[in-house]
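This is what each chain is made of:
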Amino acid sequence: TEHTGYIRDVGALPDGRAASSYDDGTIKIWDVSQGRCLQTLSGQHANEVWWIIVLANGRFMSLDDDGIGKIWFDWRQHIEKIMAVRVRALAFVPCVCIRSI
């Protein structure tokens, strides 16, 4: 269940699991505390998956070297693809949280 080649990226999911991307186009979901693979996501990327980007609400995005992004959602401990998008640019913006008392 482990990756046998190059791991390209790892993203920490909010519930203590992690998603790792691999150069054969697969993504694996890991139970970090036990060090075991829970699920392998394959057949969605035709190319190397370079990035895992953690989004809000249990979602994350995988991005391959052709600029194809897949958005995934955790449905009751089972990850499913919900959308595919073409990505031309990617920017990270720091979050600013304002709380009124």
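Fair warning: this is a prediction, and the values are worked out from it, not measured in the lab.

Draft legend 1. Spotlight on the pattern of salt bridges. The full count for this structure, using the stated rule, is two salt bridges. As a salt-bridge pair, Arg8 and Glu48 come within 3.4 Å of each other at their nearest N and O atoms. Here Arg8, found in strand S1 (residues 7-12), pairs with Glu48, found in the loop between strand S4 (36-41) and strand S5 (49-54); they are 40 residues apart in sequence, far enough to count as distant. On the accessibility criterion, Arg8 (29% relative accessible area) is partly exposed.

Draft legend 2. Broad picture of the nonpolar core. Core analysis: the biggest nonpolar cluster contains nine residues, these being Leu13, Ala19, Ile27, Ile29, Leu41, Val49, Ile52, Phe60 and Trp72. Apart from the residues lying within four places of it in its own chain, the contact partners of Val49 are Arg8, Ser21, Tyr22, Gly25, Thr26, Ile27, Ser62, Leu63 and Asp64.

Draft legend 3. View of the sheet that holds S1. Read across the sheet, four strands follow the order S1-S2-S3-S4 without closing on themselves; strand pairing throughout is antiparallel. Two strands in the sheet have a free side with no partner beyond their single neighbour: S1 and S4. Neighbouring strand axes in the sheet, compared pairwise and without regard to direction, differ in orientation by 25° on average. Judged from the five bridges that link them, strand S3 (residues 27-31) and S4 form a sheet pairing that is antiparallel. If you follow Ile29 over to S4, its bridge partner there is Gln39.

Draft legend 4. Spatial organisation of the side chain of Ser21. Looking at the secondary structure, you find Ser21 in strand S2 (residues 17-22). Here Ser21 falls in the buried class, since its relative accessible area comes to 0%. Within polar-contact distance, the side chain of Ser21 engages the backbone oxygen of Val49 at 3.0 Å. Discounting chain neighbours no more than four positions away, the residues touching Ser21 are Tyr6, Ile7, Arg8, Asp9, Thr26, Val49, Trp50, Trp51 and Ile52.

Conventions and cut-offs
Residues numbered from 1 in each chain as written. Predicted model: local features only at pLDDT ≥ 70, side-chain atom pairs only at ≥ 80, totals over all residues. Heavy atoms only, no water. Salt bridge = Lys/Arg side-chain N within 4 Å of Asp/Glu carboxyl O. Helix = DSSP H or I, 4+ residues; strand = E, 2+ residues; numbered from the N terminus. Buried < 20%, exposed > 50% of the residue type's maximum accessible area, 1.4 Å probe, protein only. Core = buried A, V, L, I, M, F, W, Y, C linked by side-chain atoms within 4.5 Å. Contact = heavy atoms within 4.5 Å. Pairing = 2+ DSSP bridges. Axes fitted to C-alpha atoms, helices over the stretch in contact; angles between N-to-C directions. Polar contact = N/O pair within 3.5 Å; in protein donor to acceptor, adjacent residues only side chain to side chain.

The quantities given are spatial measurements derived from coordinates; they are silent on function.
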